[in-house]
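Fold and contact review
What follows is the residue order along each chain.
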Amino acid sequence: MTPTHLVDVHVLFLREDEILLSKRRSPDEFDGSWHLPAGKLEPGESVTAAAAREAMEEVGVTLDPAELELIHVSHVVAPHLPARLGLFFRTRCWIGEPDNREPDKCYELRWFPLDALPEKVISYSLNGIHAHRTGARYSELGWRRSES
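Scope of this entry: the structure provided in the associated data block. (Residues numbered from 1 in each chain as written. Predicted model: local features only at pLDDT ≥ 70, side-chain atom pairs only at ≥ 80, totals over all residues. Heavy atoms only, no water.)

Following the sequence through the fold, Asn 100 ends up in the loop between strand E6 (81-91) and strand E7 (106-113). At 3.1 Å, the side chain of Asn 100 forms a polar contact with the backbone nitrogen of Glu 102. A distance of 2.8 Å separates a polar atom in the side chain of Asn 100 from the backbone oxygen of Cys 106. Discounting residues that sit within four places of it in the chain, Asn 100 has contacts with Glu 58, Cys 106, Tyr 107, Glu 108 and Leu 109. (Helix = DSSP H or I, 4+ residues; strand = E, 2+ residues; numbered from the N terminus. Polar contact = N/O pair within 3.5 Å; in protein donor to acceptor, adjacent residues only side chain to side chain. Contact = heavy atoms within 4.5 Å.)

As structure tokens, this is what we get:
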């Protein structure tokens, strides 16, 4: 059997010392948690095109895929969820003012100082934020470490 993984793209919108987060609206344990604007790669789509598409769909801004900087890759597994590979892109330039374009999936958008993030941020998103601050290029989340 060939293993499959979802591919997620995340965008870190940065202005000075602030980052844009979205408060998730969902019927699961992540309801009310903050996360980065993100979404899944679609068939036939490049990852940078996916990041630009998700930025428009979720926050209503236009990104130039060539301006996106890949800063982190995260390999994530969790019980009862599909395995995924997360690609985190950083941007400091976009056209338009971020606005909640998916109120059925998002309670609100808010800018937070990087040194004063809200308490309830999804750990997957924290991987990308941590990478921005530390330069970490890769992480694994949810994997059990093999005992030697």
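In the structure shown here, the tally under the stated rule is four aromatic pairs. A ring pair is formed by Phe 13 and Trp 94, whose centres lie 5.1 Å apart and whose planes are at 80°; its orientation type is edge-to-face. Of the two residues, Phe 13 sits in strand E1 (residues 6-15) while Trp 94 sits in the loop between E6 and E7, which places them 81 residues apart along the sequence. Arranged with centres 6.0 Å apart and planes meeting at 20°, the rings of Trp 94 and Trp 111 form a pair that is stacked. Of the two residues, Trp 94 sits in the loop between E6 and E7 while Trp 111 sits in strand E7, which places them 17 residues apart along the sequence. Taken together, the aromatic side chains of Phe 13, Trp 94 and Trp 111 make up a single cluster linked through ring pairs. (Phe/Tyr/Trp six-rings, centres within 6.5 Å; stacked < 30°, edge-to-face > 60°.)

What follows concerns unusual backbone geometry. Phi at Glu 16 is positive, roughly 50°, even though this residue is not glycine. Mapped onto the elements, Glu 16 comes out in the loop between E1 and strand E2 (18-24). The phi dihedral of His 80 is positive, around 65°, even though this residue is not glycine.

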